[in-house]
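# Close look at the chain arrangement
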Amino acid sequence: MNIEVVSNYEKMSAEAARLLVDFVKANPNANLCLPTGGSVEGTFDKMCELARAEGVSFRGISSYNMDEYATLSKTNENGYYYFLNKFVYSRVDIDVKNTYAPEADAADLQAACDAYTERVRALGGFDFILLGIGSDGHIAFNMPKLDKLCLDTHIEDLTEDTIKANARFFSHISEVPRQAVTIGVGLIMQSKKIVLVASGAGKAAAIGRFLNNRVLDPMLPASVLWLHPDVTLILDEAAAGEVKNI
Ligand code: GLP
């Protein structure tokens, strides 16, 4: 695992954006899987800025949401497709026909999950996945659970902690959906390249548990990344604050 510690959010964002833009330049037909959240807003700002400044085209790129709140449509302002459209798709020359998300407003959610899994499998996995991390160590919407971590796209009951943490993006906590559709850890692990960003003291406990204990822990879903051969973590000093040895 390649671990980079930088001083602050801006540097983390610049570093992750550099990796993404260089990847797109070298792989103009790549399949990307992108997350949402405060951790990556800066990365996406910088990525779009660099792509414009350097003339890097997203025309041949396909992009996939890793998750979406259950029942929200692609046009819902609180939805994750909407987020990626706002922060990425509307600012680069990607063809929107090549932007995908689970059909989280489908009547048959399980069928929508299965269709998404099939779509990702048909690609042979993503070429590049960017991840954030929840303060409890979740990745995408794979919540900490004692009994199991699902491999494929599935419906996940969100924990109270995650609902509270994500309420800041809604006008009231009662509006936060209680369930989400998310790719599972198997599809994450099938990605050829994984980059995870984490910033701020709120992530320090999760990052500390992840890196200090070299174990697979279903209560810390990010720990599956220990098994992947190409993972880069970009942490700011606050997020790395509880790591014993880097
Ligand atoms: C949500 C998303 C994750 C994201 C996490 C952290 O739960 N499903 O993909 O990593 O939030 O978000 P933030 O970056 O806002 O802390």
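Residues numbered from 1 in each chain as written. Predicted model: local features only at pLDDT ≥ 70, side-chain atom pairs only at ≥ 80, totals over all residues. Heavy atoms only, no water.

## Brief notes about the sheet that holds strand β2 (residues 31-34)
Strand order in the open sheet formed by 7 strands is β1-β10-β9-β6-β2-β3-β5, with parallel pairing between adjacent strands. The sheet is open, and its two borders are formed by β1 (2-6) and β5 (99-100), each paired with just one other strand. One ladder, built from 5 bridges, connects strand β9 (residues 193-198) with strand β10 (residues 231-236); its direction is parallel. Each residue of the ladder has a partner; that of A198, found in β10, is L235. Sheet contacts for helix α1 (residues 9-26): β1, β2, β6 (128-131), β9 and β10; angle to β10, the most-contacted strand, approximately 155 degrees. Running over the sheet, helix α4 (residues 109-123) touches β2, β3 (62-65) and β5 and is turned about 145 degrees from β3. (Pairing = 2+ DSSP bridges. Helix = DSSP H or I, 4+ residues; strand = E, 2+ residues; numbered from the N terminus. Contact = heavy atoms within 4.5 Å. Axes fitted to C-alpha atoms, helices over the stretch in contact; angles between N-to-C directions.)

## Quick look at the packing of aromatic side chains
For any two aromatic rings, the description comes down to two numbers: the centre-to-centre distance and the angle of the planes. Enumeration over the complete set of coordinates arrives at 11 aromatic pairs. Arranged with centres 4.8 Å apart and planes meeting at 50 degrees, the rings of Y69 and Y80 form a pair that is tilted. Residue Y69 is found in strand β4 (residues 67-69), and its partner Y80 is found in helix α3 (residues 80-87); the two are separated by 11 residues along the sequence. Here Y69 and Y80 have matching classes, each one buried. (Phe/Tyr/Trp six-rings, centres within 6.5 Å; stacked < 30°, edge-to-face > 60°. Buried < 20%, exposed > 50% of the residue type's maximum accessible area, 1.4 Å probe, protein only.)

## Regarding the environment of N27
Its location among the elements puts N27 in the loop between α1 and β2. Take N27: its relative accessible area is 30%, and that puts it in the partly exposed class. With 100 residues separating them along the chain, N27 and D127 place their C-alpha atoms 8.9 Å apart.

## Here's the deal with the nonpolar core
If you look at the biggest cluster of nonpolar residues, it comprises 34 residues, and the most contacted ones within it are L32, L34, F44, M47, F58, V88 and L130. Those elements that provide at least two residues to this core are α1, β2, α2 (38-54), α3, β6 and β9. The element best represented in this core is α1, accounting for 7 residues. Filtering out sequence-adjacent residues up to four positions away, L130 remains in contact with L20, C33, L34, P35, V40, T43, F44, M66, V195 and V197. In this structure, I183, V185, L211 and L220 belong to the second largest nonpolar core, which totals 33 residues. (Core = buried A, V, L, I, M, F, W, Y, C linked by side-chain atoms within 4.5 Å.)

## Observations regarding unusual backbone geometry
Here T71, not a glycine, exhibits a phi torsion of approximately 80 degrees, which is positive. Within the fold, T71 resides in the loop between β4 and α3. Looking at T71, the relative accessible area reads 60%, which means it is exposed. The backbone phi angle of A140 is positive, close to 50 degrees, even though this residue is not glycine. Mapped onto the secondary structure, A140 falls in the loop between β6 and β7 (154-157).

## Structural notes on α2
Every α-helix carries 3.6 residues per turn, so stepping three or four residues along brings you back to the same face. Here α2 contains 17 residues, and its C-alpha end-to-end distance of 25 Å stays within 8% of the 24 Å for a straight helix at 1.5 Å per residue. Among the residues of α2, S39, V40, G42, T43, F44, M47, C48, L50 and A51 are the ones counted as buried. Looking at the buried residues of α2, the elements they touch are α1, β2, α3, β6 and β9. One or two positions beyond α2, positive phi appears at G55, with a value near 65 degrees. (Expected span 1.5 Å × (residues − 1).)

## Overview of the packing of α2 against α3
At a minimum axis distance of 10 Å, the contact between α2 and α3 shows a crossing angle of 35 degrees. For the pair α2 and α3, contact is made by V40, E41, F44, D45 and C48 and by F83, L84 and F87, respectively.

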